[in-house]
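Close look at the chain arrangement
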Amino acid sequence: MSYTLQINSTSMGAGSQELGEMLLRSFLNNLAALEELPTSIVVYNAGVGLAQVGSDTAGALQKMADKGAEILLCGTCIDYYGLRDKALVGQISNMATITDRLLKAPKVVSL
């Protein structure tokens, strides 16, 4: 089954930010260990910080990229958060491509 994962935050769920960050980290690590990965992972807004090398989530994203998952990072968001000069996991993209992936995906999972 083909699907796209949409990430727009550094945490998962509402409530405690610290708990949400722990949950998202756990989710990404568990997802990276599965056989069936998303076809694409689109990352925007504060979520782009998850792809910064050295973050505690970049390893899971890199594992998924190594297994063939396309990771698209919003370039406008990267510039907004001042991450352009940081090493990032994935491909810097634009909203036109992200929109295309989301609209053409047979299934979108949002975090």
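The model shown is predicted, which means the values in this text are computed figures rather than measured ones.

With that settled, consider the overall build of the chain. If you tally the helices and strands in the chain, you get 4 helices and 5 strands. Listed N to C, the secondary structure of the chain is β-α-β-α-β-α-β-α-β in terms of helices and strands. Rg of the C-alpha trace for the chain: 13 Å, near the compact-globule value of 13 Å for 111 residues, within the 12% margin. Each principal axis of the C-alpha distribution contributes one length, and for the chain these read about 30 × 25 × 25 Å. Expressed as a percentage of its 111 residues, the buried residues of the chain come to 37%.

What follows covers a nonpolar patch on the surface. Residues Leu19, Met22 and Leu23 make up a contiguous nonpolar surface patch of about 260 Å² in total accessible area. The topology assignment puts Leu19 in helix 1 (residues 17-32).

Packed helix pairs are characterised by how far apart their axes lie and by the angle those axes make with each other. Two elements in contact, helix 1 and helix 2 (residues 58-66), have axes separated by 9 Å at closest approach and are oriented at 25°. Between helix 1 and helix 2, the angle is such that the two are roughly parallel. Between helix 1 and helix 2 lies a crossing of left-handed hand. Residue-level inspection shows Leu28, Asn29, Leu31 and Ala32 of helix 1 in contact with helix 2, the latter providing Ala60, Lys63 and Met64.

Within the secondary structure layout, Ser11 lies in the loop between strand 1 (4-7) and helix 1. Those residues in contact with Ser11, other than ones at most four positions away along the chain, are Gln17, Gly20, Glu21 and Leu24.

A separate point is the nonpolar core. Counting 30 residues, the largest nonpolar core has Ile41, Leu61 and Met64 as its most contacted members. Secondary-structure elements contributing two or more residues to this core are strand 1, helix 1, strand 2 (40-43), helix 2, strand 3 (70-74) and helix 3 (75-80). Contacts of Met64, omitting those with residues within four sequence positions, involve Leu28, Leu31, Ala32, Leu37, Pro38, Ile41 and Ala69.

Pairing between the strands of a sheet comes from backbone hydrogen bonds, and it takes one of two forms, parallel or antiparallel. Ordered by their spatial adjacency, 5 strands build an open sheet running 4-3-2-1-5, and the pairing between neighbours is parallel. In this open sheet, the two strands that pair with only one neighbour each are strand 4 (91-93) and strand 5 (108-110). Each neighbouring strand pair of the sheet contributes to a mean axis angle of 25°, computed without reference to strand direction.

Below, the discussion takes up helix 2. Of all the residues in helix 2, the buried ones are Ala58, Ala60, Leu61 and Met64. Projection of helix 2 onto a plane perpendicular to its axis shows the buried side chains occupying an angular sector of 165°, all on one side. Facing away from the buried side of helix 2, by more than 90 degrees, are the exposed residues Lys63 and Asp66. Looking at the buried positions of helix 2, the neighbouring elements they touch are helix 1, strand 2 and strand 3. In the stretch just after helix 2, Gly68 is the one whose phi turns positive, near 110°.

Rules behind the numbers
- Residues numbered from 1 in each chain as written.
- Predicted model: local features only at pLDDT ≥ 70, side-chain atom pairs only at ≥ 80, totals over all residues.
- Heavy atoms only, no water.
- Helix = DSSP H or I, 4+ residues; strand = E, 2+ residues; numbered from the N terminus.
- Rg over C-alpha atoms; globule rule 2.2 N^0.38 Å.
- Buried < 20%, exposed > 50% of the residue type's maximum accessible area, 1.4 Å probe, protein only.
- Patch = residues over 30% accessible without salt bridge, like charges linked within 9 Å, V, L, I, M, F, W, Y side chains within 5 Å.
- Areas by Shrake-Rupley, 256 points an atom, 1.4 Å probe, with all protein chains shown as cover.
- Salt bridge = Lys/Arg side-chain N within 4 Å of Asp/Glu carboxyl O.
- Axes fitted to C-alpha atoms, helices over the stretch in contact; angles between N-to-C directions.
- Parallel < 35°, antiparallel > 145°, perpendicular 65-115°, else oblique.
- Left-handed = near helix turned anticlockwise from the far one by under 90°.
- Contact = heavy atoms within 4.5 Å.
- Core = buried A, V, L, I, M, F, W, Y, C linked by side-chain atoms within 4.5 Å.
- Pairing = 2+ DSSP bridges.
- Arc of directions from axis to C-beta.

The quantities given are spatial measurements derived from coordinates; they are silent on function.
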